[in-house]
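In case you want the letters, here they are:
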Amino acid sequence: MEAKLKKELGTTTLKSTGHSGGGCISEGQSYDTDFGRVFVKINHKSEAKLMFDGEMASLEAIVKSETVKVPKPMKVIELDRGGCVFVMEHLDMKGLNKYSKQLGDQLADMHLHNKRQLEKLNKEQQTVGKGAGQSEVAVVEKFGFDVATCCGYIPQVNEWQNDWVTFYSQQRLQHHLNLVEQSYGDREARELWAKLQLKIPQFFSDVEIVPALLHGDLWTGNVAESTDGPVIFDPASFYGHSEFELGIAGMFGSFSRSFYSAYHEKIPQAPGFAKRNQLYQLFHYLNHWNHFGGSYRGSSIRVMKDLLK
């Protein structure tokens, strides 16, 4: 692997630093190279390239938004014996503490970035002499993403949709319930979903949703801080409803009050937020059920029942 890395990165130096990391999906290792320190994620699964290509595109989109710091992505490299590595900037990070409020503030900016670009474009088009097609402002008017991204190792269906409720119901919830059906044939889940999918539009009756760039898997394990501010990593990005981001945020060890107050100062909670938050948590419970097995069945069923009350 190291010979391949040297060749692909064009470096004569490749020295392990002893810094390692990783979660339940991939392992990681830092190396010193001719052009500085890099972090290399390694995964030997057959779907590793799809997963890392999606993560690279996610990081590139977040970098482009100039809102929250992420490790700068460098290269996805296929290994000769199967699997893949993903090379990115090495950042010295520790647990999020001092910069919690700043993360809430910057995350709101990331979620508002596309909306602000749309407003800027509309303003330009109303200005004399600046017609449509002349602007360099990049805007996204649909829900989805250009490539598949993986929340864990399961690919997400990111095909572009005009309507958020359709996107979320079909490409997030239905997709995972299909996988549950294939693996477990769970009758109760099937029956609850038949009722719930008819009710979902009611949760969005008074909400205006502009596509927002999302991290997609923002829990406390995927945030940290460096010396100059917060850092987020391991994204599974797509353009969706900003509230989706806050679903998993409260599931596995919540963020601080200062994070939420800074975030909601820029993006206030809309009516019906609590119910939609449960609806967004349902995706993550189903995703965990499909990744880690039946221990997440109870939570998935409970949330569906709660939403039907």
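Residues numbered from 1 in each chain as written. Predicted model: local features only at pLDDT ≥ 70, side-chain atom pairs only at ≥ 80, totals over all residues. Heavy atoms only, no water.

### Notes on the pairing of strand β5 (residues 84-89)
Phase 1: Burial analysis of β5 places 5 of its 6 residues in the buried class, the great majority of the element.
Phase 2: Summarising the sheet, strand β4 (residues 73-78) and β5 pair through 5 bridges and their orientation is antiparallel. Across the sheet, the residue bridging to I77 is V85, located in β5.
Phase 3: Linking β4 to β5, which pair antiparallel, is a turn of 5 residues; within it G82 sits at a positive phi near 95 degrees. (Buried < 20%, exposed > 50% of the residue type's maximum accessible area, 1.4 Å probe, protein only. Helix = DSSP H or I, 4+ residues; strand = E, 2+ residues; numbered from the N terminus. Pairing = 2+ DSSP bridges.)

### A few points about the state of the cysteines
Phase 1: In total, this model carries 0 disulfides according to the counting rule given.
Phase 2: Here C84 is not cross-linked by a disulfide; its sulfur's nearest cysteine counterpart is in C150, at 12 Å.
Phase 3: Cysteine C150 is unpaired, with the sulfur of C151 as its nearest cysteine sulfur at 9.0 Å. (Disulfide = S-S within 2.5 Å.)

### Brief notes about the pairing of strand β1 (residues 14-22)
Phase 1: Summarising the sheet, β1 and strand β2 (residues 27-33) pair through 6 bridges and their orientation is antiparallel. Opposite G21, over in β2, you have G28 as the bridge partner.
Phase 2: Where β1 folds back onto β2 in an antiparallel hairpin, the turn is made up of 4 residues.

### Concerning the domain arrangement of the protein
Phase 1: Domain parsing of the protein yields domain 1 (12-92) and domain 2 (95-308).
Phase 2: For domain 1 and domain 2, the distance between their C-alpha centroids amounts to 24 Å.
Phase 3: Contacts between the two partners involve 22 residues from domain 1, matched on the other side by 28 residues from domain 2.
Phase 4: Counting each side, the surface lost to burial between domain 1 and domain 2 is near 1,900 Å², with a carbon and sulfur contribution of 73%.
Phase 5: Looking only at domain 1, the three residues that lose the most surface to domain 2 are T67, V68 and K69, adding up to 26% of its buried area.
Phase 6: Counting across the domain 1 and domain 2 interface gives 2 salt bridges. (Domains from an automatic or database assignment. Contact = heavy atoms within 4.5 Å. Buried area = accessible area lost by both parts, 1.4 Å probe. Salt bridge = Lys/Arg side-chain N within 4 Å of Asp/Glu carboxyl O.)

### Focus on the nonpolar core
Phase 1: W164, L173, F204, I232 and M304 are the most contacted members of the largest nonpolar core, which totals 71 residues.
Phase 2: Those residues in contact with W164 that lie beyond four places of it in its chain are F143, F204, I209, F238, G240, H241, F244 and Y280.
Phase 3: Residues L5, L9, L14 and Y31 belong to the second largest nonpolar core, which totals 11 residues. (Core = buried A, V, L, I, M, F, W, Y, C linked by side-chain atoms within 4.5 Å.)

### Some remarks on the pattern of salt bridges
Phase 1: Counted according to the given criterion, the structure contains 18 salt bridges.
Phase 2: One salt bridge in this structure joins K266 and D105, with 2.9 Å as the shortest N-O distance. Here K266 is found in helix α7 (residues 257-266), whereas its partner D105 is found in helix α3 (residues 100-126), with 161 residues between them in sequence.
Phase 3: Residue E188 is joined to K305 by a salt bridge in which the shortest nitrogen-to-oxygen separation is 3.1 Å. Taken together, the positions of E188 in helix α5 (residues 187-199) and K305 in helix α9 (residues 297-308) put the pair 117 residues apart, joining distant regions of the chain.
Phase 4: E188 sits in the partly exposed class, given a relative accessible area of 28%.
Phase 5: Overall, the relative accessible area of 41% leaves K305 in the partly exposed class.
Phase 6: Connected through salt bridges with shared partners, the residues D105, D109, R116 and K266 form a single ionic network.

### Things to note about α7
Residues that lie three or four places apart on an α-helix share one face, since the helix turns once every 3.6 residues.
Phase 1: For α7, the full list of buried residues reads F259, A262, Y263 and H264.
Phase 2: Against the buried residues of α7 lie α3, α6 (245-249) and α8 (273-292).

### Overview of the environment of Y280
Phase 1: Counting through the fold element by element, Y280 comes out in helix α8.
Phase 2: Sequence-distant contacts of Y280, that is, excluding residues within four places in its chain, are made with W164, Y168, F204, H241, E243, F244 and G247.
Phase 3: A distance of 2.9 Å separates the side chain of Y280 from the side chain of W164, its partner in a polar contact. (Polar contact = N/O pair within 3.5 Å; in protein donor to acceptor, adjacent residues only side chain to side chain.)

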